[in-house]
Amino acid sequence: MKKNALMIPVIGLVLLVWSCSSEPAHEVNKKLVGNWTSKSGDVKLEITDKGFTMDDGKPVTEDYFVTRDTIFTSYEGSRPYTKFVIKELNDHKLTLFYPDSDLVEFSR
């Protein structure tokens, strides 16, 4: 019984250390935040800390999070997520692979 009683605090300590060492779920790349316009001028993209708004005639603001080189968006928390893969990102240029594999270049 004593062995089992000692295991509970050890497991709790391991879980606490693991949760504190994990990276934040919503880490926003500051280069990504801002207003972007497609090369053709048809699409405007506004990315804030909390919203991803794509305006191609009908502006829709979605929640999003970034994991490595992929932006996952969802409308009002619905699933499945829409994935946009970041091919290139710097201070003045953003290149995205859309979910349908189209490549779109944006600039500030």
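Residues numbered from 1 in each chain as written. Predicted model: local features only at pLDDT ≥ 70, side-chain atom pairs only at ≥ 80, totals over all residues. Heavy atoms only, no water.

(A) Summary view of the pairing of strand β4 (residues 60–67). The pairing of strand β3 (residues 52–55) with β4 spans 3 bridges and is antiparallel. By the bridge assignment, T53 is partnered in β4 with T61. Where β3 folds back on β4, the antiparallel hairpin that results is connected by 4 residues, among which G57 adopts a positive phi of roughly 120°. Direction of pairing for β4 relative to strand β5 (residues 70–74): antiparallel, over a ladder of 5 bridges. From the neighbouring strand, V66 faces β5, where its bridge partner is I71. Remark: 2 residues form the turn of the hairpin made by β4 and β5, two consecutive strands paired antiparallel; R68 in that turn has positive phi of roughly 55°. (Pairing = 2+ DSSP bridges. Helix = DSSP H or I, 4+ residues; strand = E, 2+ residues; numbered from the N terminus.)

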